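# Summary of structural features
So you can see what is in the structure, the chains are spelled out below.
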Amino acid sequence: QVQLAESGGGLVQTGGSLRLSCAASGGSLSRYAMGWFRRAPGNEREFVAADSRSGDRTYYANSVKGRFTISRDNAKNTVYLQINSLKPEDTAAYYCAAAGRVGITVSWPLYDNWGQGTQVTVSL
């Protein structure tokens, strides 16, 4: 089982940017399709972005399309989520997840491995 560890969260002002990282150990991310999810207090887990195992296809939730970008560096065994033009409603704990699949997966139960999360807080 691959272990995942997110980093890069923090407190930013509206309109700011952050780059979240998800470092993997115990396995190669080149064998996994990856996804990012988030959960705000009192809300359900929400899909944010995903890529295919090859990294050549990506998919985004409508609420983040054009502002968030998922990418990966298999040599560094790390997946990234670049988040721009942040809004207060983006405030949440962000989680990366790995799925032993080839294609893009937006359904969280299909992901096998999860990180511990990193908090993003956007102030007015």
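For the structure given in this document, a descriptive report is provided here. All values derive from a computational prediction rather than experimental measurement.

### A short note on the state of the cysteines
- Taken as a whole and judged by the stated rule, the model has 1 disulfide.
- Bridging C22 to C96, the disulfide has an S-S length of 2.0 Å. Disulfide C22-C96: torsion about the S-S bond near 60°, hence right-handed. Taken as a pair, C22 in strand β3 (residues 18–25) and C96 in strand β9 (residues 92–99) lie far apart in primary sequence, 74 residues in all.

### A few points about the pairing of β3
- Taken together, the 5 bridges between strand β1 (residues 3–7) and β3 define a ladder with antiparallel strand orientation. Bridge pairing in β3 places E6 opposite C22.
- Here β3 runs beside strand β8 (residues 78–83); their pairing, made up of 6 bridges, is antiparallel. Bridge pairing in β8 places S21 opposite Y80.

### A closer look at the nonpolar core
- Counting residues in each nonpolar core, the largest one holds 35 residues, and the members touching the most others are L4, W36, L81 and Y94.
- Within the residue set of this core, elements represented by two or more residues are β3, β4 (33–39), β5 (46–51), β7 (68–73), β8, β9 and β11 (118–123).
- Of all the elements, β9 adds the most residues to this core, at 6 residues.
- Setting aside residues no more than four positions away along its own chain, L81 makes contact with L18, R19, L20, W36, V48, A49, F68, T69, I70 and Y94.

### Remarks on the side chain of R72
- Structurally, R72 is set in strand β7.
- Separated by 3.4 Å, the side chain of R72 and the backbone oxygen of R53 make a polar contact.
- Engagement of the side chain of R72 in a polar contact is seen with the side chain of N74, the distance being 3.4 Å.

### Looking at the environment of T91
- Tracing the backbone through its elements, the reader meets T91 in the loop between β8 and β9.
- It is 8.8 Å that separates the C-alpha atoms of T91 and R38, two residues lying 53 residues apart in sequence.
- Aside from chain neighbours lying at most four places away, what touches T91 is A40, Q119, V120, T121 and V122.
- In this structure the side chain of T91 is engaged in a polar contact, spanning 2.9 Å, whose partner is the backbone oxygen of P88.

### A look at the side chain of R67
- Considering the arrangement of structural elements, one finds R67 in the loop between β6 (58–60) and β7.
- A polar contact of 2.9 Å, which involves the side chain of R67, links it to the backbone oxygen of S63.
- Setting aside its immediate chain neighbours within four residues, R67 contacts Q82, I83, N84, S85, L86, K87 and D90.

### A word on the packing of aromatic side chains
- Taken as a whole and judged by the stated rule, the model has 6 aromatic pairs.
- Linked through ring pairs, F37, F47, Y59, Y111 and W114 together constitute an aromatic cluster.
- Positioned over the ring face of W114 is R45, at 4.6 Å from the centre of the ring.

Conventions and cut-offs
- Residues numbered from 1 in each chain as written.
- Predicted model: local features only at pLDDT ≥ 70, side-chain atom pairs only at ≥ 80, totals over all residues.
- Heavy atoms only, no water.
- Disulfide = S-S within 2.5 Å.
- Helix = DSSP H or I, 4+ residues; strand = E, 2+ residues; numbered from the N terminus.
- Pairing = 2+ DSSP bridges.
- Core = buried A, V, L, I, M, F, W, Y, C linked by side-chain atoms within 4.5 Å.
- Buried < 20%, exposed > 50% of the residue type's maximum accessible area, 1.4 Å probe, protein only.
- Contact = heavy atoms within 4.5 Å.
- Polar contact = N/O pair within 3.5 Å; in protein donor to acceptor, adjacent residues only side chain to side chain.
- Phe/Tyr/Trp six-rings, centres within 6.5 Å; stacked < 30°, edge-to-face > 60°.
- Lys NZ or Arg CZ within 6 Å of the ring centre and 35° of its normal.

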